[in-house]
Amino acid sequence: MNKPTLILIAALMSGCGETMATPHYNAQEITVESAKVEAESLNISYRTPLESLYFSPGIKVETVAGNTTLTIVRCNINSQCDTDVKAALNQGVYSATVTMANASDLNSIFIADTNGPVSLQTLLNASVD
Amino acid sequence: MTTIILGIHSNVAGSEHSFTAGHAWVTVTKDGSTQSYGLWPDNHPATIDNGPETDIRIGLEGTRFPVASRFYKLTPGQAKKLDKALKQRVAWRYTNTCASWASELIAEVTGVDIDADDWAGFETPRELGKHILKLEKKNPTSRAAPTTPEQSSWN
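Residues numbered from 1 in each chain as written. Chains lettered and ligands numbered in written order. Predicted model: local features only at pLDDT ≥ 70, side-chain atom pairs only at ≥ 80, totals over all residues. Heavy atoms only, no water.

Draft legend 1. Fine view of the overall build of chain B. Across its full length, chain B carries four helices and five strands. Written out in order from the N terminus, the α and β elements of chain B read β-β-β-β-β-α-α-α-α. Looking at chain B as a whole, 54% of its 155 residues qualify as buried. Taking contacts inside chain B between residues at least 6 apart in sequence as the whole, the part at least 24 apart equals 63%. Carbon and sulfur atoms make up 53% of the accessible area of chain B, which totals about 7,300 Å². Averaging the positions of the 17 positive and the 18 negative side-chain charges in chain B gives two centres separated by 5 Å. (Helix = DSSP H or I, 4+ residues; strand = E, 2+ residues; numbered from the N terminus. Buried < 20%, exposed > 50% of the residue type's maximum accessible area, 1.4 Å probe, protein only. Contact = heavy atoms within 4.5 Å. Areas by Shrake-Rupley, 256 points an atom, 1.4 Å probe, with all protein chains shown as cover. Lys, Arg positive; Asp, Glu negative; His and termini not counted. Charge placed at Lys NZ, Arg CZ, Asp CG, Glu CD.)

Spelled out as structure tokens, the structure:
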């Protein structure tokens, strides 16, 4: 590929609305395959939309006033992206174990979404329906 | 006689999605059994890096229908063209994306042009999805009720 083409590609890719602090998949975009709280950890499996240029390397975790919010990180395949917990990918399903001191129930764990966080229990119910 | 239905799919449609978002692929249904085919780069974590071998990957997409799908019933001659096309060695590049490949495969096999050209001529899933939906609005299809390429070219 010639240099002008590469510059054009870089310019187009940088102008694609990927400038937010942590590019992520919204709660409404993912399918939660399973989620289970055990002792002081959460085992979660999820699917993201298929994207040939992006994947989910893992999860960022933030706990405020007893509520934990998980951000499903979306990363370009040519980039390195920060995560708090790495996810393993197997046949389209990502799996991760999130350690949390105050793990209680799925109603107090949320997935980040630009329209406001959605509880893990709600997402799990939606994927079962 | 074996019935073969070729589907083209995109999981994004229109400019509300970013230039690089989403994925496009095709499915082939033979006598009720469906398989998916998509072009993926070697360095995507969902794939196995097979070096210079073809980047056409089988079965990664599954058979769930995405936001934009269109289905064509193939003639025996078109089915032969499809078999040949799926066996070709194809490389993923920014100038030959999943959307380029899916769009060109449909054109090669059926003669139907479903445009995927986005800014600067790069072919994207969002543009392909937009044009699939445009065709579907005029002449809806489904896996159970596919159209024929001849009917499509008249629209």
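Draft legend 2. Seen up close, the interface of chain B and chain A. Facing 25 residues of chain B, the contacting portion of chain A comprises 20 residues. Across the chain B/chain A interface, buried area totals approximately 1,900 Å², and carbon plus sulfur atoms make up 68% of it. Scanning the region where chain B abuts chain A turns up eight residue pairs in polar contact (both at pLDDT 80 or more). Across the side of chain B that touches chain A, the residue classes tally to 15 nonpolar, eight polar and two charged. (Buried area = accessible area lost by both parts, 1.4 Å probe. Polar contact = N/O pair within 3.5 Å; in protein donor to acceptor, adjacent residues only side chain to side chain. Nonpolar A, V, L, I, M, F, W, Y, C, P; charged D, E, K, R; others polar.)

Draft legend 3. Region of interest: the packing of aromatic side chains. The final tally for this structure, using the stated rule, is four aromatic pairs over all chains. Between the aromatic rings of Y46 of chain A and Y94 of chain A, the centroid separation amounts to 5.3 Å while the plane-to-plane angle is 20°, which identifies the pairing as stacked. One end of the pair, Y46 of chain A, is in strand β3 (residues 41–47); the other, Y94 of chain A, is in strand β10 (residues 93–99), with 48 residues separating them in the sequence. Pair check on accessibility: Y46 of chain A and Y94 of chain A agree, each one buried. On the numbers, 5.8 Å between centres and 20° between planes, the contact of F19 of chain B with W119 of chain B is stacked. Within this pair, whereas F19 of chain B is found in the loop between β1 (4–10) and β2 (24–30), its partner W119 of chain B is found in the loop between α2 (98–110) and α3 (125–138), the two being separated by 100 residues in sequence. Given a relative accessible area of 9%, F19 of chain B falls into the buried group. Judged by its relative accessible area of 49%, W119 of chain B is partly exposed. (Phe/Tyr/Trp six-rings, centres within 6.5 Å; stacked < 30°, edge-to-face > 60°.)

Draft legend 4. Representation of the pattern of salt bridges. Residue and element names in this part refer to chain B. Here the structure, examined in full by the defined rule, presents ten salt bridges over all chains. Close ionic contact of K30 with D83 constitutes a salt bridge, the shortest N to O distance being 3.7 Å. Highlighted residues: K30 in strand β2 and D83 in helix α1 (residues 76–86), separated in sequence by 53 residues. The partly exposed category is assigned to K30, whose relative accessible area is 37%. On the basis of relative accessible area, D83 is assigned to the partly exposed category, the value being 33%. Ionic pairing is found between R70 and E136, a salt bridge with its closest N-O pair at 2.6 Å. Placement of the pair is R70 in strand β5 (residues 68–73) and E136 in helix α3, with a sequence separation of 66 residues. On the accessibility criterion, R70 (0% relative accessible area) is buried. (Salt bridge = Lys/Arg side-chain N within 4 Å of Asp/Glu carboxyl O.)

Draft legend 5. Geometry of the sheet that holds β1 of chain B. Residues and elements named next belong to chain B. A sheet is described by the order of its strands in space; here five strands give the open sequence β4-β3-β2-β1-β5, paired in antiparallel fashion. Bordering the open sheet on either side are β4 (56–58) and β5, each of which pairs with just one other strand. Pairwise comparison of adjacent strand axes, ignoring direction, gives a mean angle of 25° for this sheet. Relative to β4, strand β3 (residues 33–39) runs antiparallel, the two sharing three bridges. The residue of β4 that forms the bridge with L39 is I56. Along the sheet face, α3 touches β1, β2 and β5 and points at about 60° away from the line of β5. (Pairing = 2+ DSSP bridges. Axes fitted to C-alpha atoms, helices over the stretch in contact; angles between N-to-C directions.)

Draft legend 6. Molecular detail of the nonpolar core. In terms of nonpolar packing, the biggest core is built from 60 residues, with L42 of chain A together with W101 of chain B touching the most fellow members. In terms of residues, this core owes the most to one element, α2 of chain B, which gives seven residues. (Core = buried A, V, L, I, M, F, W, Y, C linked by side-chain atoms within 4.5 Å.)

Draft legend 7. Focus on the sheet that holds strand β2 (residues 31–38) of chain A. All names here are of chain A. Spatially, four strands are ordered β2-β3-β10-β9 in an open sheet, and the strand pairing comes out antiparallel. Edge strands, defined here as strands with exactly one partner in the open sheet, are β2 and β9 (88–90). Each strand of the sheet is rotated relative to its neighbour by a mean of 20°, with strand direction disregarded. In this sheet, β10 lies alongside β9 in antiparallel orientation, the contact comprising three bridges. If you follow A88 over to β10, its bridge partner there is S95.

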